[in-house]
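# Residue-level structural notes
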Amino acid sequence: VAVWDGKHSSETEIRQLFEDTKGRVYDVEDDLIGYWPLDNDADDYSGNGYDGVITTATPSEGHVGGAYYFSGSDEITISDNLDEITTSDEFTVAAWFNADSSGSGYRWIVARGTAWGAGNLGIYLHTDGTIQASAYDVSGAQTISSSTNGWDDDNWHHVVYSYDGERAKLHVDG
């Protein structure tokens, strides 16, 4: 999981994020707020100190290196909730995930906040296997992007959710 304070919304930038993370980690770069490879820990490798706390998730094999298996009630919590990101500004969130069709309800890939409301954002696997992303700005208005294909196929996928201050974009696998 990686979070930037700024957008990566061009097709070229999104494709580069996908290609760059197929076999190596993100370089620490400008505007990178947090980077959690989840390779046996929840430490923030961006250098900004947003280390997480793992709640009952179990270590697993990842796309590159280690990963964590989340059974539904498991989570990784970042205590200061990434206050550098506001959902009315530009932001980008990227993550690798692997899900099968046996889950139920909304299965969160990345979330900020615990309920729908101002300042919260999330990327989740919908019950129909599509990926949806939403962000609430300070007025509580929702911005949603939705993929058209099912992604609960027990394979690794890369998702990028970006917002440029006016329009949200959701990309899967480049």
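Quick look at the structure, then. (Residues numbered from 1 in each chain as written. Predicted model: local features only at pLDDT ≥ 70, side-chain atom pairs only at ≥ 80, totals over all residues. Heavy atoms only, no water.)

### Comments concerning the packing of aromatic side chains
Counted only if it meets this: To pair, rings of Phe, Tyr and Trp, with the six-membered ring standing in for Trp, must have centres within 6.5 Å; the planes then decide the type, stacked if under 30 degrees apart, edge-to-face if over 60, and tilted in the middle. The way it works is that DSSP assigns letters per residue, a run of H or I at least four long becomes a helix, a run of E at least two long becomes a strand, and they are numbered from the N terminus. Between buried and exposed lies partly exposed: a residue is buried under 20% and exposed over 50% of the maximum accessible area for its type, with that area taken using a 1.4 Å probe on protein chains only.
Applying the stated criterion across every chain yields a total of four aromatic pairs. With a centroid separation of 5.5 Å and an interplanar angle of 75°, the aromatic rings of Phe 91 and Tyr 161 are classed as edge-to-face. With Phe 91 in strand 7 (residues 91-98) and Tyr 161 in strand 12 (residues 156-163), this pair connects stretches of sequence that are 70 residues apart. Across the pair, exposure class does not vary: Phe 91 and Tyr 161 are buried alike. Note on Phe 91 and Tyr 163: the rings are 5.8 Å apart at their centroids and 35° apart in plane angle, and the pair reads as tilted. Of this pair, Phe 91 sits in strand 7 while Tyr 163 sits in strand 12, and the two are 72 residues apart along the sequence. Exposure class is identical for Phe 91 and Tyr 163. Each is buried.

### Side note on unusual backbone geometry
Both trends apply: most residues other than glycine have a negative phi, and most peptide bonds are in trans. The phi angle at Leu 38 is positive, at roughly 55°, despite the residue not being glycine. Positive phi, close to 60°, is recorded for Asp 154, a residue that is not glycine. In this fold, Asp 154 is placed in the loop between strand 11 (142-146) and strand 12.

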